[in-house]
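# Per-entry structural report
Residues per chain are reported as follows:
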Amino acid sequence: MTISKDDLGKLILVQSVDSDADALKKRLAQIPEDIAAIRADTEAGKAAMEAAKKKSQELALKRKDKEGEMAAKEAAIKKHQGDINAVKTNEAFKALLKEIEEAKKGVSEAETVVLTLMDEVDAAVKAEKAAAADFKGFEAKQGEMIKSLEARKAELEGQLAGVEGRRKDLMGSVPAELAERYDKIRVRREGVGLSRIEGNLCTECRVTLPPQVVVNVKKGHTLELCTSCQRILHDIPTVTSAA
């Protein structure tokens, strides 16, 4: 393929623009991952808050159940005490007293448990309120981080649109066959379709090039590819997309 150094110069600018675009795309691809990580952290914080709330509720329910049990035993004691006058035999009287004593023992044990649960419930309620307050601040902070990332995403998308527009304009001035060859090589070679020679070396893969290839590159009249990485070779000093 016959080319000119002017064509290669334009293509070098395209590669510089492509490099900018690749960097922007990489940063854009990272943003959804960052947002997902923030949301996962938020959900973990919410789960911790809900766990504290659940523990508080479970302890309160346990306390209520134990208080109900204690009340039932106290009612049984009251009933048994009322039944004493109706007892006809000594055996029945002793049995009733025994039931009253067992019920009183049960009340005492339940009361001890209730007192312990009261302390646990108080501590759990405090922990629940602290967790809710912490999560509220944490959630707000996480939300701000997501908003910032979404704003950054929009900014990067705007920059990418500009870069892609510049690429389109530049490629419009590159011969179609050369542009197509460059794009195919770029896809195969991790986004880099060109390589500058340095002495007799390909600067991308560091392979020593045949002397005739180097001579042809310096003349700049024919398309020469690296014998190893197959990138398009040139000897033009590096330029940037801003040039």
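Above this text you will find the structure in question.
Residues numbered from 1 in each chain as written. Predicted model: local features only at pLDDT ≥ 70, side-chain atom pairs only at ≥ 80, totals over all residues. Heavy atoms only, no water.

## Thoughts on helix α4 (residues 211–219)
Along α4, the residues that are buried comprise V213, V214, N216 and V217. For α4, the angular spread of the buried residues around the axis is 165°, confining them to a single face. Summarising the geometry of α4, the exposed residues directed more than 90 degrees from the buried face are P211 and K219. Buried residues belonging to α4 abut α1 (5–83), β1 (194–198) and β3 (232–234). G220 occupies a position one or two residues after α4 and carries a positive phi of about 75°. (Buried < 20%, exposed > 50% of the residue type's maximum accessible area, 1.4 Å probe, protein only. Helix = DSSP H or I, 4+ residues; strand = E, 2+ residues; numbered from the N terminus. Arc of directions from axis to C-beta. Contact = heavy atoms within 4.5 Å.)

## Quick notes on the environment of D134
By the secondary structure assignment, D134 is in helix α2 (residues 90–171). Each C-alpha atom, one on D134 and one on P32, is 25 Å from the other, the two residues being 102 residues apart in sequence.

## Quick look at the environment of D83
Its location among the elements puts D83 in helix α1. Each C-alpha atom, one on D83 and one on L96, is 8.2 Å from the other, the two residues being 13 residues apart in sequence.

## Looking at the state of the cysteines
Counting across every chain of the model gives 0 disulfides. Looking at the unpaired C202, the closest cysteine sulfur is the one in C205, lying at 3.6 Å. Left unpaired, C229 is separated from the closest cysteine sulfur, that of C226, by 3.6 Å. With a relative accessible area of 4%, C229 lands in the buried category. (Disulfide = S-S within 2.5 Å.)

## Details of the packing of α1 against helix α3 (residues 176–188)
With their axes 11 Å apart at the nearest point, α1 and α3 run at an angle of 35° to one another. In this structure, α1 meets α3 at a crossing whose hand is right-handed. Taking contact as the criterion, the partners of D7, L11, V14, Q15, D18 and D22 in α1 are, on α3, L178, Y182 and R186. Tallied by class, the residues present in the contact of α1 with α3 amount to 4 nonpolar, 1 polar and 4 charged. (Axes fitted to C-alpha atoms, helices over the stretch in contact; angles between N-to-C directions. Left-handed = near helix turned anticlockwise from the far one by under 90°. Nonpolar A, V, L, I, M, F, W, Y, C, P; charged D, E, K, R; others polar.)

## Re the sheet that holds β3
The 3 strands are arranged β2-β1-β3 in an open sheet whose pairing can be described as mixed. On the outer flanks of this sheet lie β2 (201–202) and β3, each paired with one strand and no other. The sheet contact formed by β1 and β2 spans 2 bridges and is antiparallel. Looking at β2, one finds that I197 is bridged to C202. (Pairing = 2+ DSSP bridges.)

## Looking at the pairing of β1
When β1 meets β3, the two strands line up parallel, connected through 3 bridges. Bridge pairing links S195 to L233 in β3. Hairpin geometry of β1 and β2 is characterised by an intervening segment of 2 residues between the two adjacent antiparallel strands and by a positive phi of about 70° at G199.

Note that all results are geometric; they support no functional claim without further evidence.
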